[in-house]
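Each chain, written out:
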Amino acid sequence: RLAARPPVRLGRAKPPQKHDVPNLFGAKKQEIEIFERLKAAAVQGASTSLILCGHAGCGKRATLARAIDRLDAEASVPRYDVAEL
């Protein structure tokens, strides 16, 4: 019943609020890769998709939230929207 509920919005669609997620051991490389891809899409104004795959509880959402926090801190990045499904 995904169609029945609206998507969760993260990022600058609303005033930035820092996510309360821990720093995950060994996930820095993935966080940087996600950050770079999101930043490139935001700067270019491109519509793009990014799919994070992994076992339940491996830190997909936490890694994405940390990358979005870094993106929110970048002054040179224009407004962007991130939809989480």
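Residues numbered from 1 in each chain as written. Predicted model: local features only at pLDDT ≥ 70, side-chain atom pairs only at ≥ 80, totals over all residues. Heavy atoms only, no water.

S.K.: Describe in detail the pattern of salt bridges, supporting the description with residues and values.
M.R.: Counted by the stated rule, this structure contains 4 salt bridges. With its nearest N and O atoms 3.2 Å apart, the salt bridge here joins E31 to R66. Taken together, the positions of E31 in helix α1 (residues 28–44) and R66 in helix α2 (residues 60–73) put the pair 35 residues apart, joining distant regions of the chain. Accessibility expressed as a relative area gives 4% for E31, which makes it buried. The residue E74 makes a salt bridge to K39 at a minimum N-O spacing of 3.4 Å. With E74 in the loop between α2 and β2 (81–84) and K39 in helix α1, this pair connects stretches of sequence that are 35 residues apart. Look at E74 and you get partly exposed, because its relative accessible area is 27%. (Salt bridge = Lys/Arg side-chain N within 4 Å of Asp/Glu carboxyl O. Helix = DSSP H or I, 4+ residues; strand = E, 2+ residues; numbered from the N terminus. Buried < 20%, exposed > 50% of the residue type's maximum accessible area, 1.4 Å probe, protein only.)

S.K.: Please provide a residue-by-residue account of the environment of N23, values included.
M.R.: Tracing the sequence through the fold places N23 in the loop between β1 (8–11) and α1. Taking the C-alpha atoms as reference points, N23 and T63, separated by 40 residues in sequence, lie 8.3 Å from one another.

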